[in-house]
Amino acid sequence: MSVILILILASLSVAVAFLISFIWAVRSGQYEDTCTPALRILPDDAAEKNSASGSKPKSSNS
Amino acid sequence: MVTVCFHCGEPCAGDAFAQDGKPFCCLGCQTVFHLLQENGLGQFYELNAAPGTRIRATTVAARYAFLDDPVVREKLLDYADDQRARVTLRLPAIHCVACVWLLENLFKLHPGIGRSVVNFTRREATITFAPDRIKLGELAALLASIGYEPELTCAETEAPRPSLVRKKQWLQIGLAAFAFGNIMLMSVPVYLGLDRFNGPWFRVLAGWLSLAMALPVVTYSASDFWRSAWWSLRQRRLTLDVPIALGLAAIYGQSFFEVLAHRGPGYCDSLTGLILFLLCGRVFQQKTHERLIFDRDYKGFFPLAVIRKTPAGEESVPISRLQPGDRLVLRHGELLPADAKLVGGDAWLDYSFVTGEAEPVRCAPGSHLYAGGRQIGGRIEVETVRPVVQSRLAALWDNEAFRKRRDDDLDSLTNRYSRRFTKLVIGLALAAAVFWLFHDAAKALPVFTAVLIVACPCALALAAPLTHGTAQRVLARLNLFLKNARVIERLAQVDTIVLDKTGTLTTADASGVAFISAEGGVRKADLSVEERQWIGSLARHSTHPNSIRIAKSLAVAPRPVSGFQEISGGGIAGEVAGHEIRLGSMAWLEKCGVSGRNRSNPEGSPSAATTLPVGSHTGIAIDGVWRGGFQLENALRPEVEKLVARLGSRFELALLSGDNEREAARFRALFGERATLRFNRSPADKLEFIRELQHGGRRVMMVGDGLNDAGALRQADVGVAVVESLGAFSPASDVILDALQLPRLAEVLAFSRQAARVVRLGFVISALYNLAGLSIAAAGLLAPMVCAVLMPLSSATVLAFACGMTAWSGRRIFALSKPLGASTSPARLREPAVKWIEGA
């Protein structure tokens, strides 16, 4: 009898966790642009330079 | 095989700018290529063929210096502190995968730039940078120098961001979906009678939990329904949201009461499902609408070409290819496509499209001219200072000043219809509820809600705009442009076609122009080189088909012209090298007091008309003396005979011409006995002729060159302007048709009739659906939630039907006729990436 109570609580808490993560995802802007990410993965990474630390460019003319 | 620029894909004049075996069209493109190679961004060119945009002028950094002004900076920046600043810039040039890649690797070009993120659909880039290493103005200049000029408008910085709205929508749907799923989970045992094993306490617990989960859905997810219902009540207007809000409140109230009274778990599962599906339907409709707008703003090619001045000479270019810094030439009656600076010429600009003020404004050299102004008078030269914004020009064309009254009727008709519809539906719902109250009281409320929801007319509202939007796209592929989608409906109703002769049915080639001297019999004096120069210089100021032909046939080095005037239906006049030159119809020249006497022949014939051979219809007068005339042999456009024969079998035809009757017999043979042929018509006569036809209950389509019969085009139910590759903008017209596609007019009409049929069928489908849905719902056999599922489904059916049928019939009708010669096709200019996305 009380087993069903525990099950309901468990399922609800899992669902609420998902709801919260969904709200976080929307708030952080992940749903704002659903088109560009699809384009972004198309170019192959250039093999020689893809350091995460924004590699130092040689020169600039601005 | 033409070599095209490796960077931007435009044809190259020579290989003066070749580098590493790759051709470039200009120094700008070459510089960008060099810059990207140097910084390890060469991959840009592997992602797409010729991905760049043409770089015409080297960017002057000072042009963006104003961005560093604290006030402007403040407005533009999203975020700023001492170390970092973030700005979101609109870069209309973004068009493909390569653009996204390049802009997101911007940090390789300058050490001061950090992360940059592109939003492709909105054509925006959000860039983080270090303000102490690169100023905002420098950043904008850097972007411009690689071909991504930021679009900076005041409206951009002040308008609220649409993303906030969208975020809220996602949250509302997510919340509703969460509640729906979990309430359903608890309702299933109750439905199946499993709660008997657990005792009555389970039913109570499930009821209270459902109520608790439904509460945020009712208050937050459904908040738009409450707000819009409240708003329409305050405005004392009845919209469908009022009864929907009423229904929602009633269901929640009833559930609350049942749980409180321990009678059952309530209807919270249906309620949350209902709200979820209503929201989904709304998003679906919104997305469809957004897509239509996107197509119009970014893919719609605005049918306007201008003369661009290049070192090599003058060329006609579509405005979508204009860049800031281009030198343009505007002639009488032509429209300025972008904000520009006046360089030379006597500028009188008519801003009536922009401001509604018809009085032309005199502009001094160097002054700023606004897009949408129309030049009155002679040629002027301008330098564009801003990029062309097509959507703004399209809005000008669709300006209220040029709307026909019938459009408004249509709008108000829809409004009236929807009000009546709402009343009808509410009445029906109430009647059904009252009926059930006496037979089965428990069913009254669900039936009331079900009827309201199933009757939602969104499928009805979608049918017409979707079909018209698709049809518009099919036609644009044929270089035929519609002012707005409603024109299709009117095209389908046409039963009479009035054609203009000069420049519409006949070509404007340089061939067939012959000079006939006024002293024909006496002395065969041809035009001297100087005279040819004067006349040619004058003629090139005008966009009248005859002037264009004369200017082309004389082909002289232009001399400056002052005091240029163009009298519609008369002719043109101006002063060249101290001589007053007039070109125009005989009647107009005589009215201007031109005499037959001249210096060399003081005793000459008193009236020029007697000495001129019959048929020469563009007269020349120099210093008030007849000089002779041009005989313009009119060659018909190719396939016009076939077109006239095809149109004649279905429509009433009429030909109006400003010319004399010299060619009457020829056109009589072409048009047949029944058609009306009128010659020597002034623009006012043409307008009057169309008005008479309309009084006789006819739906008239006028086909003309767009400039000299603007009044008639506007009066007609549908005005079609036929333009050569350089189309002078004619806001009075509803349709702009590339002259090369004229023979396809019959197919276009057939296609629009087909489109109108699709709309009507769409109406029938959604009406049938409504009828069936309503009767089942009123009979109490349909739960409100099922209705909410059916509703978006019906919209999807209508959408698929409207788009599919229209595209299919377009392909069928236009495939029958072979494609006509390639012109300056805008299809070539469309962004490849957009196509790619459509395919995905």
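All values derive from a computational prediction rather than experimental measurement. (Residues numbered from 1 in each chain as written. Chains lettered and ligands numbered in written order. Predicted model: local features only at pLDDT ≥ 70, side-chain atom pairs only at ≥ 80, totals over all residues.)

Quick look at the overall build of chain A
Okay, step 1: Check the secondary structure of chain A and you find two helices and zero strands.
Okay, step 2: Counting only residues that meet the buried cut, chain A has 2% of its 62 residues in that class. (Helix = DSSP H or I, 4+ residues; strand = E, 2+ residues; numbered from the N terminus. Buried ≥ 20, exposed ≤ 12 C-beta atoms within 10 Å, placed from the backbone.)

Thoughts on the overall build of chain B
Okay, step 1: When you go through chain B residue by residue, the secondary structure sums to 29 helices and 26 strands.
Okay, step 2: Taken over 840 residues, chain B has a buried fraction of 43%.

As for the sheet that holds strand β3 (residues 113-119) of chain B
Strand pairing in a sheet is mediated by backbone hydrogen bonds. Such pairs are either parallel or antiparallel.
Residue and element names in this part refer to chain B.
Okay, step 1: The sheet built from four strands is open, its strands ordered β1-β2-β4-β3 with antiparallel pairing. With one partner strand each, in any of the chains shown, β1 (77-80) and β3 form the two edges of the open sheet. Within this sheet the neighbouring strands show an average axis-to-axis angle of 15°, counted without direction.
Okay, step 2: Relative to strand β2 (residues 85-90), β1 runs antiparallel, the two sharing three bridges. Within β2, the position partnered with Tyr79 by the bridge is Arg86.
Okay, step 3: Of the strands in this sheet, β3 and β4 (124-129) are in contact with helix α4 (residues 97-104), which crosses β3 at around 155°. (Pairing = 2+ DSSP bridges. Axes fitted to C-alpha atoms, helices over the stretch in contact; angles between N-to-C directions. Contact = placed C-beta atoms within 7 Å.)

Observations concerning the pairing of β2 of chain B
Residue and element names in this part refer to chain B.
Okay, step 1: Where burial is concerned, the two faces of β2 differ: the one with Ala85, Val87 and Leu89 is buried and the one with Arg86, Thr88 and Arg90 is not.
Okay, step 2: Hairpin connection from β1 to β2: four residues lie between these consecutive antiparallel strands.
Okay, step 3: As paired elements, β2 and β4 share six bridges and run antiparallel to each other. For Val87, the partnering residue across the bridge sits in β4 and is Ile127.

Notes on unusual backbone geometry
All names here are of chain B.
Okay, step 1: Even without being a glycine, Ala577 presents a positive backbone phi close to 50°.
Okay, step 2: Secondary-structure assignment places Ala577 in the loop between β18 (571-576) and β19 (579-584).
Okay, step 3: The exposure class assigned to Ala577 is partly exposed, which follows from the 13 C-beta atoms found within 10 Å.

Examining the pairing of strand β26 (residues 735-738) of chain B
Residue and element names in this part refer to chain B.
Okay, step 1: On β26, burial covers both faces: Val735 and Leu737 on one face and Ile736 and Asp738 on the other are all buried.
Okay, step 2: Sheet topology note: the strand β14 (residues 480-482)/β26 ladder contains three bridges and is antiparallel. Residue pairing across strands places Leu480 opposite Leu737, the latter belonging to β26.
Okay, step 3: Sheet topology places strand β25 (residues 718-723) next to β26; four bridges connect them, and they run parallel. The residue of β26 that forms the bridge with Val722 is Leu737.

So, the nonpolar core
Residues and elements named next belong to chain B.
Okay, step 1: Val498, Ile690, Met701, Met702, Ala716, Val720 and Val735 are the most contacted members of the largest nonpolar core, which totals 59 residues.
Okay, step 2: Here this core takes nine residues from helix α27 (residues 745-778), the largest share from any one element.
Okay, step 3: Apart from residues no more than four positions distant in its own chain, Ala716 is found in contact with Val498, Ile690, Val700, Met701 and Met702.
Okay, step 4: Counting residues in hydrophobic clusters, the runner-up holds 54 residues, among them Ala177, Met186, Val454 and Leu782. (Core = buried A, V, L, I, M, F, W, Y, C linked by C-beta atoms within 7 Å.)

Quick look at the confidence of the model for chain A
Okay, step 1: This prediction gives chain A a mean pLDDT of 73; 69% of its residues lie at or above 70.
Okay, step 2: The model gives residues 47-62 of chain A a pLDDT under 50, and that stretch makes 21 contacts with residues more than four places away or in other chains. (pLDDT = per-residue confidence, 0-100.)

So, the sheet that holds strand β21 (residues 625-632) of chain B
All names here are of chain B.
Okay, step 1: Strand order in this open sheet of six strands is β16-β21-β20-β19-β18-β17, and the pairing throughout is antiparallel. Only two strands of the sheet have a single partner each, and these edge strands are β16 (513-517) and β17 (561-567). Direction aside, neighbouring strands of the sheet carry axes that sit 20° apart on average.
Okay, step 2: Relative to β21, strand β20 (residues 618-622) is paired through five bridges, and the arrangement is antiparallel. Residue pairing in the sheet places Thr618 in a bridge with Phe630 of β21.
Okay, step 3: With respect to the sheet, helix α19 (residues 529-539) is in contact with β17, β18, β19 and β20, its orientation differing from that of β19 by roughly 60°.

A closer look at helix α1 (residues 2-27) of chain A
Okay, step 1: The terminal C-alpha atoms of α1 of chain A lie 37 Å apart, and with 26 residues this matches the ideal 38 Å at 1.5 Å per residue to within 8%.
Okay, step 2: Immediately beyond the C-terminal end of α1 of chain A, within one or two residues, lies Gly29 of chain A, with a positive phi of roughly 85°. (Expected span 1.5 Å × (residues − 1).)

A few points about α27 of chain B
Okay, step 1: Taking 1.5 Å as the rise per residue, α27 of chain B with 34 residues should run 50 Å; its terminal C-alpha atoms sit 49 Å apart, in good agreement.
Okay, step 2: Looking at the residues trailing α27 of chain B, positive phi occurs at Gly780 of chain B, about 80°.

Regarding the environment of Glu38 of chain B
Residue and element names in this part refer to chain B.
Okay, step 1: Mapping Glu38 onto the fold places it in helix α1 (residues 27-38).
Okay, step 2: On the basis of neighbour count, Glu38 is assigned to the partly exposed category, with 16 C-beta atoms found within 10 Å.
Okay, step 3: Taking the C-alpha atoms as reference, Glu38 lies 9.3 Å from Leu109; in sequence the two are 71 residues apart.

Some points on the packing of helix α15 (residues 441-454) of chain B against α27 of chain B
All names here are of chain B.
Okay, step 1: Interhelical geometry of α15 versus α27 gives an angle of 175° and a closest axis separation of 8 Å. With respect to their mutual orientation, α15 and α27 come out roughly antiparallel. When α15 is examined against α27, the residues Val447, Ala450, Val451 and Val454 are found in contact with a partner set consisting of Gly773, Leu774, Ala777 and Ala778.
Okay, step 2: The residue inventory of the contact of α15 with α27, partitioned by class, reads seven nonpolar, one polar and no charged. (Parallel < 35°, antiparallel > 145°, perpendicular 65-115°, else oblique. Nonpolar A, V, L, I, M, F, W, Y, C, P; charged D, E, K, R; others polar.)

Description of the confidence of the model for chain B
Interpretation of this model should avoid reading the predicted coordinates in detail wherever pLDDT is low.
Residue and element names in this part refer to chain B.
Okay, step 1: Per-residue pLDDT for chain B has a mean of 75; in total, 79% of the residues score no lower than 70.
Okay, step 2: In the predicted structure, residues 520-524 sits below a pLDDT of 50 and forms four contacts with residues beyond four places in sequence or in another chain.
Okay, step 3: Considering only residues more than four positions removed or in separate chains, one finds that residues 818-840, a stretch of pLDDT under 50, has 31 contacts.
Okay, step 4: Among the prediction metrics, the complex's ipTM stands at 0.73, with pTM recorded as 0.61.

Some thoughts on the environment of Val425 of chain B
Residue and element names in this part refer to chain B.
Okay, step 1: Take Val425: it is sitting in helix α14 (residues 405-439).
Okay, step 2: Overall, Val425 belongs to the buried group, with 21 C-beta atoms counted inside 10 Å.
Okay, step 3: On a C-alpha basis, the gap between Val425 and Ile453 in space is 9.7 Å, while along the polypeptide they are 28 residues apart.

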